[in-house]
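Chains, contacts and geometry: an overview
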Amino acid sequence: MRLNLLDQIGDWNPQLFRELKGRLKSRNVLIAIGLSLMAQFLLLNFFNNQLPNLSRTYSKYCTEYDPASYGCLKQGGDYLIDWMMWWRDIFIALNWGIILVLMLAGVYLLINDLDQEERRGTLNFIRLSPQRSRSLLTGKLLGVPVLLYLAVGAIVPLHLFVGMQADVPTVFTASYYLMLFAGCYFLYSAALLGGFMGKLQGGIGGIQITTGTAFLGVFLTAFLFIPNYLLWNVLTVWSSFSQYVIGSTGTSSVQWFYIPLEQSLILSHGFTLFALGIGSYWIWQALDRCFHSPGATLLSKRQSYGLMISFQVLMLGFFIRDWGQYAYDDSGFFIAQVAVVSSANLVLFLVLIAMLSAHRQTLLDWARYRHFERSSLRIGSAQTTTGSTRQRSSMWQDLIWGEKSPAVVAIAINMLITAAILLPWIIFHPEGVEKWTVVIGLVISLNLIAIYASIAQLTLMMKNQRRGWWAMSAVALAIGLPLLAGVILYAEFGSGTATALLLFSPMHWVCLAQGAPAFMPLLAIVGQWGAIVLLNAQLAKNLKRVGASESKPLLAGVK
């Protein structure tokens, strides 16, 4: 029976069969289920010890207390216990335990498995399989944590039983497992991508990640994903059932384009699943690319434009809402909103710069190809206007859509997409707000992103083997140095020079909110444009030089 089932799985997904066959040993299965049962026993024993007994008569689960001894009162020889509360606390503990075990252990297992495949040299062998990448990676996603699934599956009967004893609504239990499944699918997909990132040729933007990836994934999951995911669910999906997650109830108002998400179970579930689906879609786009082409960037330029549109619309919806008592009738509140959006965009663009920026060898290949094409056009069309126009058109198409071209133009297009989505929100905001101040702040934010992208791509042209770390350090210096210098000068001498420096940092919104002189932001914008022009002129010069030097042997052979 077991062999027949595995054979059927092997016909459907050979990679899943490989993972299950290697892990579903009798000893491993017994250990996983045994550990699960032991954890359940320890949990029940812990809560049983919280009840009053002969040695300790006080307990928070008592319904009535003796005024003299503060111990639990008895009725008919039995302590008066709030059993509903006791079962509910066990249910809450199981809720958190299942989430933590599935997410933390699952992320570690998936990333660590990819690392072991790399060490054994079988990762490239898997890439040569005729199977589709999604089938192979789905096999990894389902098969690698299979013992973890068995251990959690052994907890489910107790979880359901405790939920019935605590009178937990069936709707919440079903929602809990649905959100658990959706969150794990998104997180496990991200873990697979994180595992592959460290194995890419050239790394991420030239940064090679080789050690500690699994522990980094667990750290980010524990302190970034799980708290935010549970907070979102408590505020929206489980707003009516928060007492079964955090032990207390509260009110919240989460709106997206004026739609109150927490007031409808269908809306809150649908929106959360939709958002996770969009995130998972882009993760799997990157997985497909890095699985088949380890030397390619994580996303193509065309895909980055779609990612930017979806992210901007999704984020902007949370700011187009009825703020009610949270709103203030002044420009400062609106500037704060745009500053938060700009800060989120800065993080997104820094990630996008790392995902799109090609490393040195890719840029050399592209520069050689461009130089060879220019030389061919000179010979074939004798520098005619038609040949020159065709050359310029081909170059722009390559910069916008090409796989190996520099990322600066693609980043600029993503900035235009961002501006096209955010500017209508700013322009059509109710009167009484200093819109030009906000627009100037947005322009400065986009200028800074263009500077960071140019610095990163220019630094990745270095011959140094650790150019990825140099690029990251250069961008970090460009972000932190004006900020640090501005803060020091402000502390010593007050405003003035400090304001000018802060206008070249992500903290420029503070200067604008405090009413900086009008000429200073304009001078900062002109200076930033000058820096962008100089950086990209140097990048173009470097590409032209290396393209010419790399093409000399080829052109000599043609002649």
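Residues numbered from 1 in each chain as written. Predicted model: local features only at pLDDT ≥ 70, side-chain atom pairs only at ≥ 80, totals over all residues. Heavy atoms only, no water.

Quick notes on the packing of aromatic side chains
Quick reminder of the rule: Pairing of aromatic rings covers Phe, Tyr and Trp, the last counted by its six-membered ring, and requires centre-to-centre distances within 6.5 Å; plane angles under 30 degrees mean stacked, over 60 mean edge-to-face, and any other angle means tilted. Any residue under 20% of the maximum accessible area for its type is buried, any over 50% is exposed, and the rest in between are partly exposed; the area is computed with a 1.4 Å probe on protein chains only. In this scheme, the term charge over a ring applies when either NZ of a lysine or CZ of an arginine sits within 6 Å of the ring centre and within 35 degrees of the ring normal.
For the structure on display, the rule yields 27 aromatic pairs. Aromatic side chains Y176 and Y177 sit 5.3 Å apart centroid to centroid with 85° between the ring planes, which places their arrangement in the edge-to-face category. For Y176, a relative accessible area of 1% corresponds to the buried category. Through successive ring pairs, a cluster of aromatic residues spans F91, F172, Y176, Y177, W238, F241 and Y244. Across from the ring centre of W401, 4.3 Å away, lies the NZ or CZ of R302, which sits over that ring.

Considering the environment of V101
The following threshold applies: Numbered from the N terminus, helices here are DSSP runs of H or I no shorter than four residues, and strands are runs of E no shorter than two. Contacts are assigned to residue pairs with any non-hydrogen atoms lying within 4.5 Å of each other.
Inspection of the secondary structure puts V101 in helix α4 (residues 83-120). A sequence separation of 50 residues divides V101 from A151, and the C-alpha atoms of the two residues are 9.5 Å apart. The contacts of V101, once residues within four sequence positions are left out, are G106, L148 and V152.

Structural notes on the packing of α4 against helix α10 (residues 213-235)
What counts is decided by this rule: Only the stretch in contact is used when a helix axis is fitted, and all axes are lines through C-alpha atoms; the angle between N-to-C directions ranges over 0 to 180 degrees. Each angle receives one of four descriptions, namely roughly parallel if under 35 degrees, roughly antiparallel if over 145, roughly perpendicular if within 65 to 115, and oblique otherwise. Two helices that cross are described as forming a left-handed crossing if the nearer one is turned anticlockwise from the farther one by less than a right angle, and a right-handed crossing if clockwise. When residues are grouped by polarity, Ala, Val, Leu, Ile, Met, Phe, Trp, Tyr, Cys and Pro land in nonpolar, Asp, Glu, Lys and Arg in charged, and all others, Gly among them, in polar.
At a minimum axis separation of 9 Å, α4 and α10 run at an interaxial angle of 150°. With respect to their mutual orientation, α4 and α10 come out roughly antiparallel. In terms of crossing hand, the pair formed by α4 and α10 is right-handed. Mapping the contact onto sequence places W96, I99, L100, M103, L104, V107, Y108, I111 and N112 in α4 and T213, A214, F215, G217, V218, T221, A222, F225, I226, Y229 and L230 in α10. Here the contact of α4 with α10 is composed, by residue class, of 16 nonpolar, four polar and no charged.

Side note on unusual backbone geometry
For D167, which is not glycine, the phi torsion reads 60° and is therefore positive. Within the secondary structure, D167 is located in the loop between α8 (156-165) and α9 (170-197). Looking at D167, the relative accessible area reads 54%, which means it is exposed. With a phi angle near 50°, F257 is a residue other than glycine that sits in the positive phi range. Following the sequence through the fold, F257 ends up in the loop between β3 (255-256) and β4 (259-260). Under the relative-accessibility criterion, F257 is labelled partly exposed at 31%.

A word on the packing of helix α2 (residues 14-23) against helix α6 (residues 133-143)
Here α2 crosses α6 at 25°, and the two axes come no closer than 7 Å. By the angle class used here, α2 and α6 are roughly parallel. The hand of the α2/α6 crossing is right-handed. Of the residues in α6, those touching α2 at Q15, L16, R18, E19, L20 and R23 are L136, G139, K140, L142 and G143. Classifying every residue of the contact of α2 with α6 by side-chain character gives four nonpolar, three polar and four charged.

A look at the side chain of T297
For clarity, the threshold we go by: N or O atoms within 3.5 Å of each other form a polar contact, as long as, within protein, one can give a hydrogen and the other can take it, and as long as residues adjacent in sequence are counted only when both atoms are side-chain atoms.
Locating T297 in the fold gives a position in the loop between α11 (265-292) and α12 (301-316). In terms of polar contacts, T297 uses its side chain to reach the backbone carbonyl oxygen of L299, at 2.9 Å. The residues contacting T297, other than those within four sequence positions of it, are R289, M355, L356, S357 and A358.

Here we look at the pattern of salt bridges
Note the cut-off: Criterion for a salt bridge: a side-chain nitrogen of Lys or Arg within 4 Å of a carboxyl oxygen of Asp or Glu.
Evaluation of the coordinates by the stated rule reveals 12 salt bridges. E117 is paired through a salt bridge with R120; the nearest N and O atoms lie 3.7 Å apart. Of this pair, E117 and R120 both sit in helix α4, three residues apart, roughly one helical turn. Across the salt bridge formed by E117 and K140, the nearest N and O atoms sit 2.5 Å from each other. Of this pair, E117 sits in helix α4 while K140 sits in helix α6, placing them 23 residues apart in sequence. Since its relative accessible area comes to 3%, K140 is described here as buried. One continuous salt-bridge network, built from bridges that share partners, spans R18, E19, R23, D113, E117, R120 and K140.

Some details on the confidence of the model for the protein
Condition: Per-residue confidence from the predictor is reported as pLDDT, a score between 0 and 100.
Averaged over all residues, the pLDDT of the protein is 85; the fraction at 70 or higher stands at 86%. The model gives residues 201-208 a pLDDT under 50, and that stretch makes 25 contacts with residues more than four places away or in other chains.

So, the state of the cysteines
Formally: When the sulfur atoms of two cysteines come within 2.5 Å, that pair is taken as a disulfide.
Using the criterion set out here, one finds one disulfide in the structure. C62 shares a disulfide with C72; S-S distance 1.1 Å. Because the sign of the S-S torsion sets the handedness, a value of about -45° for the bond joining C62 and C72 places this disulfide among the left-handed ones. One end of the pair, C62, is in the loop between α3 (26-49) and β1 (74-75); the other, C72, is in the loop between α3 and β1, and 10 residues separate them in sequence. Residue C62 is classed as buried on the basis of its relative accessible area of 8%.

Digging into the environment of M462
Positionally, M462 belongs in the loop between α17 (435-459) and α18 (467-493). In this structure the C-alpha to C-alpha distance between M462 and N542, which are 80 residues apart in sequence, comes to 9.9 Å.

Some points on the nonpolar core
Going by this rule: As used here, the term nonpolar core means buried Ala, Val, Leu, Ile, Met, Phe, Trp, Tyr and Cys residues forming a set that is joined through side-chain atoms within 4.5 Å.
Counting 136 residues, the largest nonpolar core has F172, L287, I411, W425 and Y452 as its most contacted members. Ranked by size, the runner-up nonpolar core spans five residues in total, among them V254, W256, L261 and F271.

Concerning the environment of V29
Inspection of the secondary structure puts V29 in helix α3. Through-space distance from the C-alpha of V29 to that of V146 is 9.5 Å; in sequence the pair is 117 residues apart. Once residues lying within four places of it in the same chain are set aside, the contact partners of V29 are L24, L147 and L150.

Details of α6
Counting along an α-helix, one turn takes 3.6 residues, and residues three or four places apart therefore face a common direction. With respect to burial, α6 is a largely interior element, eight of its 11 residues being buried. All of the buried residues in α6 are S133, S135, L136, L137, G139, K140, L141 and G143. On its buried face, α6 sits against α2, α4, α5 (123-127), α7 (146-153), α9 and α11.

Re a nonpolar patch on the surface
Here is the rule: Distance thresholds for patches are 9 Å for like charges and 5 Å for nonpolar side chains (Val, Leu, Ile, Met, Phe, Trp, Tyr), applied to residues having over 30% relative accessible area and no salt bridge. Accessible areas in this description were obtained via Shrake-Rupley with a 1.4 Å probe; residue shielding takes into account the shown protein chains only.
On the surface, I31, L35, M38, F41 and L42 cluster together into a nonpolar patch covering about 530 Å² of accessible area. Summarising the element assignment, L35 is placed in helix α3. Judged by relative accessible area, which is 53%, L35 ranks as exposed.

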